[in-house]
Amino acid sequence: MAELHIIGQIVGASGFPESSLFCKWGVHTGGAWRLLSGLKEGQTQVDIPQIGDMAYWSHPIDLHYATKGLQGWPKLHLQVWHQDSFGRSQMYGYGYCHVPSSPGHHRISCVTWRPLGSWQEQLAQMFIGGGPQLRSPDIIYSGADRYRLNTEAMGSVELELGIIMRHFDKYGVDG
Amino acid sequence: MATSNPSVFLLSVNGQIQGANFPEFDHLYCKFCFVYGHDWVPTAGLEEGITQITCKGKQSPHTLIWNFPLETTFKSTNPSGWPQLVLSVYGPDVFGNDVVRGYGATHIPITPGQHTRSVPMFVPEPTWRLQKFTSWLLGRRPEYTDPKVVAHGEGREVTRVRSQGFVTVSFHIMTKDMKKLGYDVGPSGAENTPGWAAE
């Protein structure tokens, strides 16, 4: 079985309207993959940055997968939320990115988007916050049911991922 | 030293804690330690230490310099639990008490070669305003009982933090026998992670 190590961190996020942010993250894989060690989902702390507008989480990721096939390569999906001083949370963005498939160190900027409601919902959102959310988070990393969705662009999440691959060449994978 | 079928690989970390960028604070020192998984054992060098106390210079008013050496070697059978460098920066407050100015953690780079990391530093934030005021008055900021918690991802959902500075660390990494055990860590070489520009 080939093995994949994902060692890195979710560094932080920038480009959002407010900067008191936290992130719920998870890794989704196909059926041939087995998680040997590590946590494949989690939630970062809430960061209120003093300098600049980038929120820093430095949330560590250390995953060890074993696989029998290349299908279903791991995908990291994210939900960025804003928490205000009263502790209320508001959805700020969904995003996903594939885990890199080449060994080494990678710095990735994952873009995010937010569902857009009708103009009445947008007006209400301007005053009291809130807004539409996805019923099922599967749409974040799958393209199957998106064709009726209206969304707006939000900020981006910085990731630093180190990839170690083992025995992929024995199975004939090039590179 | 030469073995035809190694069962462990070695990770050699040489580097330094160069300095820090904290716009609002001065007279800081840094404590560091390594956090690693069950399969890892440090074989040489220090696992933890404290730097000197440094102040901002007159030439570059935003830069604090420690230039503190890091020399450690680890051995392991498994890349899971790859070591992380955990940093905690302390400094005096208005009344002279030593308070924490930032916690941060970064993974030791996985590829051989030279690397520079700019580690964001954050402090736990009291949740309500009266607690903020009394902590400022008494000089007792919230602190982690064990700084190593910043290297773990569990249990962070309920914490609120404030990021207020960066520490610059440079690494020179060497590994031994990772290729023989079948691990591919990609091309080695220098890369820089752009962070807060030191002025």
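Okay, so let's go over this structure. (Residues numbered from 1 in each chain as written. Chains lettered and ligands numbered in written order. Predicted model: local features only at pLDDT ≥ 70, side-chain atom pairs only at ≥ 80, totals over all residues. Heavy atoms only, no water.)

Some remarks on the overall build of chain B
Scanning chain B from N- to C-terminus turns up one helix and 11 strands. The order of helices and strands in chain B, counted from the N terminus, is β-β-β-β-β-β-β-β-α-β-β-β. Put simply, 77% of the contacts in chain B that link residues at least 6 apart link residues at least 24 apart. Accessible surface, chain B: about 9600 Å² in total, of which carbon and sulfur atoms supply 56%. Side-chain charges of chain B comprise 17 positive and 17 negative groups, with the mean position of each set lying 3 Å from the other. (Helix = DSSP H or I, 4+ residues; strand = E, 2+ residues; numbered from the N terminus. Contact = heavy atoms within 4.5 Å. Areas by Shrake-Rupley, 256 points an atom, 1.4 Å probe, with all protein chains shown as cover. Lys, Arg positive; Asp, Glu negative; His and termini not counted. Charge placed at Lys NZ, Arg CZ, Asp CG, Glu CD.)

Examining the environment of A:His64
Along the chain, A:His64 falls in strand S6 (residues 55-67). On a C-alpha basis, the gap between A:His64 and A:Glu18 in space is 34 Å, while along the polypeptide they are 46 residues apart. Non-local contacts of A:His64, meaning those with residues more than four positions away in its chain, are made with A:Glu3, A:Leu4, A:His5, A:Arg34, A:Leu35, A:Leu36, A:Ser37, B:Asn78 and B:Ser80. Of note is the side chain of A:His64, whose polar atom sits 3.4 Å from the side chain of B:Ser80. (Polar contact = N/O pair within 3.5 Å; in protein donor to acceptor, adjacent residues only side chain to side chain.)

Quick notes on a nonpolar patch on the surface
All names here are of chain B. Together, Val94, Phe95, Trp128, Leu130, Phe133, Trp136, Leu137 and Leu138 give the surface a local cluster of nonpolar side chains, amounting to about 910 Å² of exposed area. Turning to its location among the elements, Phe95 is positioned in the loop between strand S6 (84-92) and strand S7 (98-107). We classify Phe95 as partly exposed; its relative accessible area is 46%. (Patch = residues over 30% accessible without salt bridge, like charges linked within 9 Å, V, L, I, M, F, W, Y side chains within 5 Å. Salt bridge = Lys/Arg side-chain N within 4 Å of Asp/Glu carboxyl O. Buried < 20%, exposed > 50% of the residue type's maximum accessible area, 1.4 Å probe, protein only.)

Looking at the interface of chain B and chain A
A common way to express how large an interface is: the accessible area buried when the components associate. Every contact between the two is made by 44 residues of chain B and, on the other side, 40 residues of chain A. Our count for the contact surface shared by chain B and chain A stands at one salt bridge. The shortest N-O distance in the salt bridge between A:Glu160 and B:Arg117 comes to 4.0 Å. Linking chain B with chain A are 21 residue pairs in polar contact (both at pLDDT 80 or more), by the criterion used here.

Section: the pattern of salt bridges
All names here are of chain B. By the definition in use, this model includes nine salt bridges over all chains. Between Asp177 and Lys176 there is a salt bridge, with its nearest N and O atoms 3.0 Å apart. You can call Asp177 buried: its relative accessible area is 13%. Residue classification places Lys176 among the partly exposed residues on the basis of a relative accessible area of 29%. A salt bridge links Asp177 to Lys180, with the shortest nitrogen-to-oxygen separation between them at 3.5 Å.

Observations concerning the environment of A:Gly52
All names here are of chain A. Along the chain, Gly52 falls in the loop between strand S5 (46-47) and S6. By relative accessible area, Gly52 is classed as exposed at 53%. Note: C-alpha distance between Gly52 and Ser14 (38 residues apart in sequence) is 9.4 Å.

Observations concerning the side chain of A:Glu160
Residues and elements named next belong to chain A. Secondary-structure assignment places Glu160 in strand S10 (residues 151-166). Given the relative accessible area of 9%, Glu160 is considered buried. At a separation of 2.7 Å, a polar atom in the side chain of Glu160 contacts the side chain of Arg107.

A short note on the nonpolar core
The biggest cluster of nonpolar side chains holds 35 residues, and the ones touching the most others in it are B:Trp82, B:Leu87 and B:Val167. Those elements that provide at least two residues to this core are strand S1 (9-21), strand S2 (29-35), strand S5 (64-76), S6, strand S8 (113-124) and strand S9 (160-176) of chain B. Excluding its chain neighbours within four sequence positions, the residues that come into contact with B:Leu87 are B:Ile17, B:Cys30, B:Lys31, B:Phe32, B:Gly102, B:Tyr103, B:Gly104, B:Val119, B:Met121, B:Val167 and B:Val169. Listed in part, the 32 residues of the second largest apolar core include A:Phe16, A:Cys23, A:Val27 and A:Trp57. (Core = buried A, V, L, I, M, F, W, Y, C linked by side-chain atoms within 4.5 Å.)

Purely geometric numbers; function is a separate question.
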